[in-house]
Amino acid sequence: MAWEFGHRSVICKTDCLDAYNLVFSNSIAGVHHDLVSKIHDLRNRSWNLSFVLIDRLANGVADYLAKHAAAAG
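Residues numbered from 1 in each chain as written. Predicted model: local features only at pLDDT ≥ 70, side-chain atom pairs only at ≥ 80, totals over all residues. Heavy atoms only, no water.

### Things to note about the overall build of the chain
Point 1. Helix and strand counts for the chain come out as three helices and two strands.
Point 2. When the elements of the chain are put in sequence order from the N terminus, they spell out β-α-α-β-α.
Point 3. For 73 residues, the compact-globule formula gives about 11 Å, and the C-alpha radius of gyration of the chain, at 14 Å, lies well above that figure.
Point 4. Taking the principal axes of the C-alpha coordinates as reference, the chain spans close to 35 × 30 × 25 Å.
Point 5. Expressed as a percentage of the 73 residues in the chain, the buried residues total 12%.
Point 6. Counted over contacts in the chain with a minimum sequence separation of 6, partners at least 24 positions apart contribute 67%.
Point 7. Carbon and sulfur atoms provide 57% of the accessible area of the chain, an area that totals close to 5,900 Å². (Helix = DSSP H or I, 4+ residues; strand = E, 2+ residues; numbered from the N terminus. Rg over C-alpha atoms; globule rule 2.2 N^0.38 Å. Buried < 20%, exposed > 50% of the residue type's maximum accessible area, 1.4 Å probe, protein only. Contact = heavy atoms within 4.5 Å. Areas by Shrake-Rupley, 256 points an atom, 1.4 Å probe, with all protein chains shown as cover.)

### Some thoughts on the environment of Leu42
Point 1. With respect to the helices, strands and loops of the structure, Leu42 is situated in helix α2 (residues 33-43).
Point 2. Of the residues examined, Leu42 reaches a relative accessible area of 31% and is grouped as partly exposed.
Point 3. Separated by 24 residues in sequence, Leu42 and Ala66 place their C-alpha atoms 25 Å apart.

### Topic: the nonpolar core
Nonpolar side chains in soluble globular proteins generally cluster together in the buried interior.
Point 1. Membership of the largest hydrophobic core is limited to five residues, which are Val10, Val23, Trp47, Leu49 and Phe51.
Point 2. For Val10, the contacting residues outside a window of four places in its chain are Ala2, Trp47, Asn48, Leu49 and Ser50. (Core = buried A, V, L, I, M, F, W, Y, C linked by side-chain atoms within 4.5 Å.)

### Examining the environment of Met1
Point 1. Structurally, Met1 can be placed in the segment before β1 (9-14).
Point 2. The exposure class assigned to Met1 is exposed, which follows from its relative accessible area of 75%.
Point 3. Taking the C-alpha atoms as reference, Met1 lies 25 Å from Arg56; in sequence the two are 55 residues apart.

### A look at a nonpolar patch on the surface
Point 1. On the surface, Val61, Tyr64 and Leu65 cluster together into a nonpolar patch covering about 350 Å² of accessible area.
Point 2. The topology assignment puts Val61 in helix α3 (residues 60-72).
Point 3. Of the residues examined, Val61 reaches a relative accessible area of 63% and is grouped as exposed. (Patch = residues over 30% accessible without salt bridge, like charges linked within 9 Å, V, L, I, M, F, W, Y side chains within 5 Å. Salt bridge = Lys/Arg side-chain N within 4 Å of Asp/Glu carboxyl O.)

See below:
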């Protein structure tokens, strides 16, 4: 969506170490092959795309909102 809306400088933040490692993995085999392949394609576009690993404890508000949304849905 960011690319489609013309944003060319994007920072993606995650508190999931496994997801972060998949983004930078040279291997895209496994259960999430399609998703990881799409992320690798996005990384190769002409833009400033950064990935940041944040401490899960520092991400308490987002974690709460995600759990609350999952319970409500």
